[in-house]
Amino acid sequence: MTASTATQPNRVDGAGRLTPANPVRFSFDGDTYHGLAGDTLASALLANDIHLVGRSFKYHRPRGILTAGPEEPNALVGIARGAARRQPNVRATVQEIHDGLDATSQNRWPSLTADVGEVNDWMSPVFAAGFYYKTFMWPKKAWDTVYEPIIRRAAGLGVAPDQPDPDRYAARYAHCDVLVCGGGAAGLSAALAAAESGASVIVCDERAAPGGALAFETDARIDGQDGHRWATETAAKLAAMDNVRVLPRTTAFGYYAQNFVALAERLTDHLDEPAPSMARERLWQVRAKRVVIATGAIERHMVFANNDRPGIMLASAARHYLNHYGVLIGRTVGVYTANDSAYAAAFDLKRAGADIAVIADIRDTVDPALLEEAGRLGIRVLTHHAVVAAGGKLRVSSIVVRPCRGGSRQVIPVDALIMSAGWTPSVHLFSQSRGKLRFDEDGRRFLPGEYAQDCASAGACNGAANLAATVEEGLAAGEAAAKAARPKATAKPLSIKAESGGSWDGLMLGAGPNPEAGKVVKAFVDFQNDVTEKDIRLAVREGFHSIEHVKRFTTNGMATDQGKLSNMHGLAIAAEALDRPIPEVGLTTFRAPYTPVTFGTIVGHGRGALFDPTRRTPMHESHERAGAVFEDVGQWKRPWYYPRAGEDMAAAVNRECVTVRKSVGMFDASTLGKIEVVGPDAAAFLHLIYTNPFMKLGVGRLRYGIMCREDGFIYDDGVVGRIAEDRFHVTTTTGGAPRVLNHMEDYLQTEFPEMKVWLTSTSEQWAVIALQGPKAAEVLAPFVGGLDLSKEALPFMSVAEGTFAGVPMRLFRMSFAGEDGFEINVPGDYGRAAWDALHDKVAEAGGCAYGTETMHVLRAEKGYIIVGQDTDGTVTPHDAGLSWAVGKAKDDFVGIRGLKRPDLAGGGRRQLVGLRSKDGSTVLDEGAQIVADPNQPPPMDMIGWVSSSYWSDNCGGPIAMALVEGGFDRMGETLYVPMPDGVVEVEVRDTNFWNPDAESDNG
Amino acid sequence: MLLIHCPYCEEARPEIEFRHAGEAHIARPADIASLTDEEFSRFFFYRDNPKGITFERWRHLHGCARFFNAARDTVTDKFLVTYPAGEAKPDLVEAANENAKGAT
Amino acid sequence: MAEAMTIERRHPLAGHVFAGTGVALTPAHAAFRTSLRCPSASVPGLSDALGVALPRTPKTSVTEKGRSALWLGPDEWLLIDEKTDPMADLGGIDALHAAVDISHRNTAILVSGPGAADVINAGCPQDLSMEAFGTGACSRTIFGKAEIVLWRVKPSVFRIEVWRSFSDYVFGYLAEAARDGG
């Protein structure tokens, strides 16, 4: 024995394909063990004679390793790599070991061998299927206080990590002619045939090494060589081809419309120390012209009492552990089978040194060749016998064997039992593709029937009878797929000779013959969800006759199992209990993902700063440098206010508000949406889109416009400037920019396509600085070229083109604050420098920069609305007090008919009014409801709500706007606003709180 | 993610480039201002919701930015045909044949 | 007085660089860009005026003497020229059209190297094989959560045109994807 196997009692010299010279250290539940490079955690644990690896979900039964692949329902462990990298429910049969791997068993306390939760197993008569639904009904209150907290604590498997995931995840869209899902004999044959025909091919396999069942079928010969060697060489040959991408450790987990298939590739979980730059997993979203499904078949377990004891596993898994990993899973091994393939496993184990205590075969007749070989090896075969129970608890210690029709029991000591009830074709992906399954009566299995997409199944998943058929189907599917994807390419037909000594004949569905029926025993159908044969019978007895209902009542085949092991047994038992044929009972739906996928893989690159774009204006760095506090407005970061030393938000906003009205303030308005409307019909188009008249707006003039939807409600607003006869500069709200352009394009393209006008977003072409206040013109003047800023030359609500510090400028004389003011548009790349230059002059003049909060207060002082704040999608221009903006003489505009709807034109509408708190100090809560009588009993009659509310130093008190029923007729009335700290008395007034006679009001 | 054939880009493109835009072939009446309440409500509020073939508008928002129409089967989620805005409803038998030809 | 002043022009991606295995990211030089819209009948006249034949085939571009016209839609082209402003050549043209200066709306990132297509496919769902998206091909499309115009200027060089405020996101996403090995 070599040094590395000295500590691995079940490692067999000369068996398997791993290299004894490559030992790997890992830990399980705190103890250190050795395995070999290439081991899975399961094979390494078995090499160390550890079968017990976890506790089951519901009953906390001790569980071992059932399989050697991704279908594993029992051996789910927690894997940690440092404090932050902890992943629960990792399948030990998939996780490859590496130096330092840290694995922990789950669902047990205080330890794996002594678990308190096991009480659930003893109390299982009360925990039968549907237990939750029946038991926690009464008293109702106890649900919140007692039942749910307890159930939540007890439920779940494994412990979720409590720190942010430090790993990176990648994503990739890919296109190919042929996607091959599965890298076994069928998949590799298909990939080779497609690739040789010139198609672009992606072939993926969930395991680390290609070959599928060839890993354990050592009697397979392909192209004259050992099957596994052929697979390895073929995969290498494919990987070297320019038109092929081979993806190992990659699971095709979801099959969506039009051959869109999602693959999860695992990149680092098997590495000792992955480079920090490496992504842990990569999501592939593949669009394939053709898909070849070559997903193989999964062996079924036998259903008998205590069939979940550690040491009991699938026959193919035992063979896999021996022939690939060199691990003998037991010394005295029983075999329980309904299928020929378990014989090959038994023979391999025997030749490797195990005692085969017995082969119990439920069939009457068995292939004489198998019996002969068993005889030659000295193995006792009991045909027409069943294993009716297993003894032992933390590890199987014996089996009870009886003739199928009853008779004397034999108790046979074993330390492991291998079993096979036959093979279930993996039709998950086919079914996800919406293909219709057909029931194969002879094989008692579901196979691909009617295809819904451009795909084909090949090999064991398609019911291929043997290896030769598997390879032939693969070649044919690959060639056909390549030809379909590339009709003009010349196919290169391949021929590969394959043969295997093994047979996979024989099967059993449902519970095994059980002459001891009636006892309190657990014969598991679904190990992961702890569903027993009895649970399924109970569900049928309780009236659940649809297989979908049985599934939900019992949880059979739910969660990550997705019916890999449990489906056919559960279905057969339900069909028997219902006394209906299996195809009539039908299968439950196979859902994606085929195996669990991490959230990281689904999210991919889109986390942290890349979760969503963060949009910044050209002046952003200047705002940062000035100490601005930012506000998120959609994806934009906008300066909210600019606090100076010692100022809180209120102090900063008050100062900014007063400064603008006393001297001058500047504001970054770059985020405003802008649309250039160009063409001979530009004015006519805007005339239809806005409620206002636009035909006669003069060149160089601005107009505040309101846009409605066809229903008559305000959709957006903004200022429109006429730059030339055929050119308008339209502004929209910041948040409204994309939808307003879409709205305008919709009308232009589909309702008014004859109009000669085009729309272009210029939102980001221009950086915009709003310069507001009595000193605005004086501050601006030194920068301006080519323009006269006098009010005669550039009156209020006009626009002109000139230069700002030598760069092109569109200058709007307008104000959203009710002052003399400008909106200075310069090309984006100059925004930062223009802001900085102007800021120096503003500061010299005693002014300051102001943020969005001050902008809101200033416009509220003037009663200017903000669409989306003072409107809610049910406010008309009339409701908002903007009737003047609706062109009376117009015979058409979007919304003209909606505004005439009786409920919009009639009385009782909520209308926008101003409110002043009578106490002179309380700032109303935005969103607060308004009542006429504060003393009425609840539910009170709410007649409106507060839409905008601020403290205004300029006005010397709080100001508010509100939508109030019949508000225009309530001027001077007293209303009441109930707030958390008491009812506030308010007086209704108009919305113009500041300087009502200003020029800016005559829009 | 579906593939949608854009009649302007003349190829099938990924669904995330597109945006659905409601039922197709509902023209805004030229004399909209003079509609009765009943006529306006029919035009603006009422929509079909068929099981089976539906005619709907899409916009290739993140592509050529054109609006176009499509016939789609809501049961299979398959597009039968797409065609430029403004064209009449297509003959679906002929369209299905065209589609079949295009697919081979 | 104002004429004497000059203010600095700042590239939205100033200071951004990335060089990885198989792929490099470089902010493109400032350029004149025009969004050109016109009916089919105006195409010959505008092509003459611009000195570049506006392509009529979807997903194609034409470059002549440093001026490129990218087909974006049946009546829409993106003109890019680093040296001279196409707007200037469209000034006196009678043919019906709409031209809008968007030189500062967009910026561009050059993605180059053998891994360029794979890196872009980390966020872009289109088929970028040479067969489907060969040299000169261009299309408005999606990258992550941003809209871009993707243009293959050489077999292993793509130009990504993007609105300026999305450029930081797109550059960051490309750099993150490029770390994945291209």
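Keep in mind that this is a model prediction, so the values were computed, not measured.

1. Notes on the overall build of chain B
Helices and strands together make up the secondary structure of chain B, namely two helices and six strands. Counting from the amino terminus, chain B carries its helices and strands in the arrangement β-β-β-α-β-β-β-α. Principal axes of the C-alpha set define a box for chain B whose edges measure 50 × 30 × 25 Å. For chain B, the residues scored as buried account for 47% of the 104 residues in total. When contacts within chain B are restricted to residue pairs at least 6 apart in sequence, those whose partners lie at least 24 apart make up 43%.

2. Describing the overall build of chain A
Counting its regular elements, chain A contains 25 helices and 51 strands. In terms of C-alpha radius of gyration, chain A reaches 38 Å, well past the compact-globule figure of 30 Å for 1003 residues. Counting all 1003 residues of chain A, 60% fall into the buried class. Counted over contacts in chain A with a minimum sequence separation of 6, partners at least 24 positions apart contribute 67%. Accessible surface, chain A as shown: approximately 37400 Å² in total, 53% of it carbon and sulfur. For chain A, the distance from the average site of its 103 positive side-chain charges to the average site of its 122 negative ones is 4 Å.

3. Re the domain arrangement of chain A
Residues and elements named next belong to chain A. We note that the domain assignment places domain 1 (3–133), domain 2 (169–297 + 425–500), domain 3 (300–369 + 376–422 + 504–585), domain 4 (670–859) and domain 5 (907–1001) within chain A. A C-alpha centroid distance of 30 Å is found between domain 2 and domain 3. Each partner contributes to the interface: domain 2 provides 18 residues, whereas domain 3 provides 16 residues. When the two sides are added together, the surface that domain 2 and domain 3 hide from each other amounts to roughly 1400 Å², 66% of it contributed by carbon and sulfur. The interface formed by domain 2 and domain 3 holds one salt bridge in total. Arg319 is paired through a salt bridge with Asp219; the nearest N and O atoms lie 3.5 Å apart. Seen at the junction of domain 2 and domain 3, the total is two residue pairs in polar contact (both at pLDDT 80 or more).

4. Regarding the environment of Gly334 of chain A
All names here are of chain A. Relative to the elements of secondary structure, Gly334 occurs in strand β18 (residues 332–337). What makes Gly334 buried here is its relative accessible area of 0%. The spatial distance from the C-alpha of Gly334 to the C-alpha of Ser952 is 87 Å, given a sequence separation of 618 residues. When sequence neighbours within four positions are dropped, the list of residues in contact with Gly334 reads Val358, Ile399, Val414, Ala416, Leu417 and Ile418.

5. With respect to the packing of helix α9 (residues 341–351) of chain A against helix α10 (residues 368–377) of chain A
Working note: a packed helix pair is described by the angle between its axes plus the distance between those axes. Residue and element names in this part refer to chain A. One way to put it is that α9 packs onto α10 with a least axis distance of 11 Å and a crossing angle of 15°. One finds that α9 runs roughly parallel with respect to α10. In the packing of α9 onto α10, the handedness of the crossing is left-handed. Of the residues in α10, those touching α9 at Tyr343, Phe347, Lys350 and Arg351 are Leu370, Glu373, Ala374 and Leu377. Taken together, the residues that form the contact of α9 with α10 break down as five nonpolar, no polar and three charged.

6. Describing the packing of aromatic side chains
Taken as a whole and judged by the stated rule, the model has 25 aromatic pairs over all chains. Measuring from ring centre to ring centre gives 4.8 Å for Phe430 of chain A and Tyr451 of chain A, while their planes differ by 80°; the resulting arrangement is edge-to-face. You can see Phe430 of chain A sitting in helix α11 (residues 428–432) and its partner Tyr451 of chain A sitting in the loop between β27 (445–450) and β28 (455–457), a full 21 residues away along the chain. Residue classification places Phe430 of chain A among the buried residues on the basis of a relative accessible area of 1%. Their ring planes at 35° and their centres at 6.4 Å tell us that Phe133 of chain C and Phe158 of chain C sit as a pair that is tilted. Of this pair, Phe133 of chain C sits in the loop between α3 (116–120) and β9 (138–143) while Phe158 of chain C sits in strand β11 (residues 157–163); the two residues are 25 residues apart in sequence, bridging distant segments of the chain. The same class applies to Phe133 of chain C as to Phe158 of chain C, namely buried.

7. What to know about helix α23 (residues 831–844) of chain A
Residue and element names in this part refer to chain A. Over its 14 residues, α23 runs 20 Å from end to end, which matches the ideal 20 Å to within 8%, given 1.5 Å per residue. Among the residues making up α23, those that are buried are Gly831, Arg832, Ala833, Ala834, Trp835, Leu838 and Val842. In the segment just after α23, Gly846 is the residue with positive phi, at about 85°.

8. Focus on the UniProt feature "domain: SoxA A3" (unreviewed entry) in chain A
UniProt annotation of "domain: SoxA A3" (unreviewed entry) refers to residues 522–602 of chain A when read in the numbering used here. Helix makes up 46% of residues 522–602 of chain A and strand 6%, and the two end C-alpha atoms of the span are 38 Å apart.

9. Topic: the nonpolar core
Grouped together as the largest cluster of nonpolar side chains are 94 residues, with contacts concentrated most on Leu41, Tyr321, Tyr336, Leu349 and Ile418 of chain A. Of all hydrophobic cores here, the second largest spans 34 residues; its members include Trp230, Val292, Ala458 and Ala481 of chain A.

10. Points about the interface of chain A and chain C
Interface size, as often reported, equals the accessible area lost upon joining of the parts. Opposite the 55 residues of chain A that make contact, chain C presents 49 residues. Contact between chain A and chain C buries roughly 4500 Å² in total, counting both sides, with carbon and sulfur atoms accounting for 54%. Joining chain A to chain C, the criterion identifies nine salt bridges. A salt bridge links Arg172 of chain A to Asp118 of chain C; the shortest N-O distance between them is 3.5 Å. Counting across the chain A and chain C interface gives 22 residue pairs in polar contact (both at pLDDT 80 or more). Listed by contribution, the elements that provide at least two residues to the side of chain A that touches chain C are β8 (169–181), β35 (673–678), β39 (758–761), β41 (784–785), β42 (798–804) and α23 of chain A.

11. Remarks on the sheet that holds strand β36 (residues 702–708) of chain A
All names here are of chain A. Here we have five strands laid out as an open sheet, ordered β36-β37-β38-β35-β39, and antiparallel in their pairing. Two strands in the sheet have a free side with no partner beyond their single neighbour: β36 and β39. Adjacent strand axes in the sheet meet at a mean angle of 30° when their direction is disregarded. Across six bridges, the pairing between β35 and strand β38 (residues 727–732) is antiparallel. Its bridge partner lying in β38, Ile675 is registered against Val730. Packed on one face of the sheet, helix α21 (residues 737–751) meets β35, β36, β37 (714–724), β38 and β39 and runs near 165° to β39.

12. As for the pairing of strand β33 (residues 636–641) of chain A
Two faces belong to every sheet, and in a regular strand the side chains alternate between them. Residue and element names in this part refer to chain A. For strand β32 (residues 629–633) and β33, the ladder comprises five bridges, and the chain directions are antiparallel. Of the residues in β33, the one forming a bridge with Asp632 is Lys637. Count of turn residues in the β32/β33 antiparallel hairpin: two residues, of which Gly634 carries a positive phi of about 60°.

13. Examining the sheet that holds strand β5 (residues 67–73) of chain C
Residues and elements named next belong to chain C. Read from one edge of the open sheet, five strands run β4-β5-β6-β3-β7, paired in antiparallel fashion. For this open sheet the edge positions go to β4 (61–64) and β7 (98–101), each flanked by a neighbour on one side alone. For this sheet, the mean angle separating the axes of adjacent strands, direction not counted, is 20°. Looking at chain direction, β4 and β5 are connected through four bridges and run antiparallel. Paired with Glu64 across the two strands is Arg67, which belongs to β5.

Thresholds, definitions, all that
Residues numbered from 1 in each chain as written. Chains lettered and ligands numbered in written order. Predicted model: local features only at pLDDT ≥ 70, side-chain atom pairs only at ≥ 80, totals over all residues. Heavy atoms only, no water. Helix = DSSP H or I, 4+ residues; strand = E, 2+ residues; numbered from the N terminus. Buried < 20%, exposed > 50% of the residue type's maximum accessible area, 1.4 Å probe, protein only. Contact = heavy atoms within 4.5 Å. Rg over C-alpha atoms; globule rule 2.2 N^0.38 Å. Areas by Shrake-Rupley, 256 points an atom, 1.4 Å probe, with all protein chains shown as cover. Lys, Arg positive; Asp, Glu negative; His and termini not counted. Charge placed at Lys NZ, Arg CZ, Asp CG, Glu CD. Domains from an automatic or database assignment. Buried area = accessible area lost by both parts, 1.4 Å probe. Salt bridge = Lys/Arg side-chain N within 4 Å of Asp/Glu carboxyl O. Polar contact = N/O pair within 3.5 Å; in protein donor to acceptor, adjacent residues only side chain to side chain. Axes fitted to C-alpha atoms, helices over the stretch in contact; angles between N-to-C directions. Parallel < 35°, antiparallel > 145°, perpendicular 65-115°, else oblique. Left-handed = near helix turned anticlockwise from the far one by under 90°. Nonpolar A, V, L, I, M, F, W, Y, C, P; charged D, E, K, R; others polar. Phe/Tyr/Trp six-rings, centres within 6.5 Å; stacked < 30°, edge-to-face > 60°. Expected span 1.5 Å × (residues − 1). UniProt positions renumbered as here; feature names shortened; annotations may be inferred. Core = buried A, V, L, I, M, F, W, Y, C linked by side-chain atoms within 4.5 Å. Pairing = 2+ DSSP bridges.

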